[in-house]
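Inside the fold
Here is how the chains run, residue by residue.
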Protein chains: 2
Amino acid sequence: MINYKNINPRLIEAQYAVRGKIVLRAQELEEKGKKIIYCNIGNPQALKQKPLTYIRQVLSLLEYPELMNKPETEKIFPKDLIKKAKYILEKNPTGTGAYTQSAGISFIRQAIADFIQKRDGIPADKDKIILTDGASKGVQSVLTLLLNNENDGVMIPIPQYPLYSATLSLYGGKQIGYYLDEENSWQLNEKSLIESIEKAKKEGINPVAIAVINPGNPTGAVLSYDNIKMIINFAKKYNLSLLADEVYQENVYLKGIKFNSFAKAMNEMEEKDTSLFSFHSVSKGYLGECGHRGGYFEARNIPDDVFEQIIKLQSIGLCSNVDGQIVTYLMVAQPQPGDESYDLFIKEKDGILNELKAKSTILGTELNKIEGMSTEVPQGAMYAYVKFELPHKKGVDTNTMSEEERLKYEAKRDSEYCMALLEETGICVVPGSGFGQMPGTLHFRTTILPPRNEIEALARLIKDFHLNYVKILKEKYS
Amino acid sequence: MINYKNINPRLIEAQYAVRGKIVLRAQELEEKGKKIIYCNIGNPQALKQKPLTYIRQVLSLLEYPELMNKPETEKIFPKDLIKKAKYILEKNPTGTGAYTQSAGISFIRQAIADFIQKRDGIPADKDKIILTDGASKGVQSVLTLLLNNENDGVMIPIPQYPLYSATLSLYGGKQIGYYLDEENSWQLNEKSLIESIEKAKKEGINPVAIAVINPGNPTGAVLSYDNIKMIINFAKKYNLSLLADEVYQENVYLKGIKFNSFAKAMNEMEEKDTSLFSFHSVSKGYLGECGHRGGYFEARNIPDDVFEQIIKLQSIGLCSNVDGQIVTYLMVAQPQPGDESYDLFIKEKDGILNELKAKSTILGTELNKIEGMSTEVPQGAMYAYVKFELPHKKGVDTNTMSEEERLKYEAKRDSEYCMALLEETGICVVPGSGFGQMPGTLHFRTTILPPRNEIEALARLIKDFHLNYVKILKEKYS
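Residues numbered from 1 in each chain as written. Chains lettered and ligands numbered in written order. Predicted model: local features only at pLDDT ≥ 70, side-chain atom pairs only at ≥ 80, totals over all residues. Heavy atoms only, no water.

**A few points about the pattern of salt bridges**
Selection rule: A side-chain nitrogen of Lys or Arg and a carboxyl oxygen of Asp or Glu constitute a salt bridge if their distance falls within 4 Å. Counting from the N terminus, the helices are the DSSP runs of H or I reaching at least four residues and the strands are the DSSP runs of E reaching at least two. Only protein chains enter the area calculation, which uses a 1.4 Å probe; residues under 20% of their type maximum are buried, those over 50% are exposed, and those in between are partly exposed.
For the structure shown, the criterion picks out 44 salt bridges over all chains. Among the ionic pairs, B:K236 bridges to B:E271, the shortest N-O distance being 3.0 Å. Placement of the pair is B:K236 in helix α10 (residues 225-237) and B:E271 in the loop between α11 (262-268) and β7 (276-281), with a sequence separation of 35 residues. Note on B:K236: relative accessible area 37%, which makes it partly exposed. Among the charged side chains, a salt-bridge network with shared partners connects A:R25, A:E28 and A:E423.

Encoded structure:
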């Protein structure tokens, strides 16, 4: 029989905190009847966000195309969507039940290219786009392509979304962490990038790529256009491929702040030497269609023979799921003014974005009022990365610890804190050690997704818990 | 910029013939207006097989749940299916748009356990079942778990479905090929298993698992119950995990032939030491729902701490797509006698299975009549693996070649043959070298999926092509 000792050690090593121990405990408590507020994962529809009606109506028609021939259908579905469903079926006559081309359905890739062109005012090529089962699978495909041997490393932010660290552990690549600048709204810092890559090279690591998440997860930061250009120059200088995780591109809340894509900046800089992979998803934005596992990535500055290898990789899994491909199509080909479905679409879209904006402001502001707690009011994405302070035991000084000791000590502290928060309040957040944090700091990540009328109560629960937790620790350590 | 020389060499090495060069050429020809008959891939709905109505009706309701509240709906959908959709929504209130548990929705795993229990008369545990985006992704997860280092090997059949060889190349495991016995209806042969594992061990390879495809792909063979027990004993003796690829379990055509699962045999043998992973899918059988990417695997004789690692692996990709999970549920929880949807379901199911049976018999029989060509009439699955003979150039003797030379020579011969077949007739099949074959033999794999009224014409086209191809070669070589 197989046993723990003879299975893949890389798998054992891989950590994915977003669905880790605290979440499993939350599920246990929930089964016992406790009310759990899941703030651990960006899963909007699990927290009562309604799907956009037009997306579901088109899917409903395509799953059962005979509906389009029934006289009752016109009473239930807007005319433009019946037309749209017919168009999709005409372009993809094998429907939702057949494997597609490995890269995804051709006309959908064209629609994505048109979307990029319109969004950024730059040319885009459908034959450099691949549809994937969500962005995670796309990132994993690109890392499969890029990692040549155990010595290759990928630069990932600290804090980062643990997909990156887990996948690198799993594939046997090296993590080269670079700190995001919490003092400067979590932007990237050139000095810090150079320090971390030079240190890795001295250790014999071969850096092959840099991953950037914009808007940031878990930070909620939106990178400035200048920051993006700095990163592109940095990647060029060190001959790194760029992985631009742009799944939160529609989630930008703060006035005056704008999402800019890496593709746009690269085009403006006329950069032709740096390979770029840009990821997008139907799971975030105002769609929140996580369960449909749809998304795509676009490659730029990639030789054809390399791109063929990515296609081959996709073909081994046959293709991404067709409904996910269709939701991706609907994300980039939305109802237009004059369409029967347009008004409802705009109402729902604005409603969701306004809710998210309001919730991020309320949550950020309220948490900031708590003594010993601070956070950026999220500029974008769906998270607040909250810094909190806890008293130390007398004589404990993290500065005198080895890095390993310190990481272990801090992971214990933030994990115990988050577990206690769960047990006492039912609020499920993820400890900062799951994402990474500056030495000497502690964080947790919370989503901004709970319903608006529960957000203030949520902040109060966190406040009461925190003050009490600190008080007890102080007493214990005094 | 990345280039072909510095990307992952394992990816370059991986081959997946089912979507290889010949298929790409077929797509090219099709775009130029040539009629292509795609016999390269088991993609039934791409070859006009209709989906089961009940599956699509339930999906249609679940994608747009408001449908269930419209008065028109009862005129369009059977009552039992509206009820079923409501039940699914009640059990999974977050619907199709939210991430699920990493292993898949709990009540669906229970329904699968019930299905196994009913099919085999054995107990089954929902907490040892994982829902996946099709069976391929499940196989890849299990191989990720099992491969400990570059020296670990997995026994795979020759011929095999290239998912296995491609994934082993990609993950850096060793292939340990074992020949299926073409003279004995492609059953496994104990002597041949022992020979191949002993040879591998002598070469310093550490065998960790054996993959068995039943019913067979590309062979169409259904393994006898005795053969299955022999394999379990063999796996036990060598301490191998068993991967039972049972995606064609509903596709059994020959009278007196019955599918038996490895789980059933293992239970009867009271085997508790050998780890078993059994794979199933919604893509095959009579559903043919390839595009929905649904499936599951069930594990037996697996320690809990190992199973937790598989759950963690699934969690890194979050979960499989929800529609695929629902189709899997509908596969194992079908309409029952007395339900409004029952009669149509049975009619459609029987229609599809009878068609497949008739087509496999016609195609097998007709191809067998061709001089220099022979095949088993498929007992199951969706393919015929057809042996054919070609004249050799004077003085060429494959017996005097090194294995590498011979493989190259034979791959050139069967690939050129299949490419010529495509160019002349539009029929797209996959050369035997993509699956593996006995030294000195040539094969191609064709699906049995084209519409019934086209099958005889297809066999005629192959016959005319083959006789002419042989004639030209003979003239050339004389």
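We are not done yet, so read on.
**Brief notes about the sheet that holds strand β2 (residues 129-132) of chain B**
Residue and element names in this part refer to chain B. We apply this condition: Pairing between two strands is assigned when DSSP locates at least 2 bridges connecting them. Only the stretch in contact is used when a helix axis is fitted, and all axes are lines through C-alpha atoms; the angle between N-to-C directions ranges over 0 to 180 degrees. By definition in these notes, contact holds between two residues if any of their heavy atoms fall within 4.5 Å.
If you trace the 7 strands from one edge of the open sheet to the other, you get β2-β8-β7-β6-β5-β3-β4, paired in mixed fashion. Each of the sheet's edge strands pairs with one partner strand only, and the pair in question is β2 and β4 (174-179). In this sheet, neighbouring strand axes are inclined to one another by 20 degrees on average, regardless of whether the strands run parallel or antiparallel. Sheet strands in contact with helix α9 (residues 190-202) are β3 (152-158), β4 and β5 (206-213), and its direction is about 155 degrees off that of β4.

**Regarding helix α15 (residues 403-425) of chain A**
All names here are of chain A. Filter applied, for reference: Given the number of residues in a helix, its expected span is that number minus one, multiplied by 1.5 Å.
Along its 23 residues, α15 runs 32 Å from first to last C-alpha, staying within 8% of the 33 Å computed at 1.5 Å per residue. What α15 keeps buried is the set R406, Y409, E410, R413, D414, Y417, C418, A420, L421, L422 and T425. Positive backbone phi, at 80 degrees, marks G426, one or two positions downstream of α15.

**So, the relation of the copies chain B and chain A**
Selection criterion: For this overlay, a least-squares fit was computed on C-alpha atoms, restricted to residues scoring pLDDT of at least 70 in both copies.
Rotating chain B by 180 degrees about the axis while translating it 0.0 Å along that axis superimposes it on chain A, leaving an RMSD of 0.0 Å. The superposition of one copy onto the other is thereby described by a two-fold rotation axis. Judged by C-alpha distance, B:S60 is the residue of chain B that lies nearest the rotation axis, at 2.1 Å. Both copies share a contact surface, since 100% of the interface residues of chain B are interface residues in chain A too.

**Concerning the environment of B:M382**
Residue and element names in this part refer to chain B. Relative to the helices and strands, M382 is located in the loop between β9 (373-374) and β10 (383-388). Residue M382 is classed as buried on the basis of its relative accessible area, which comes to 0%. Linking M382 and K137, residues 245 residues apart in sequence, is a C-alpha distance of 20 Å. Setting aside its immediate chain neighbours within four residues, M382 contacts P44, Y248, N251, Y253, K284, G285, T446, T447, I448 and L449.

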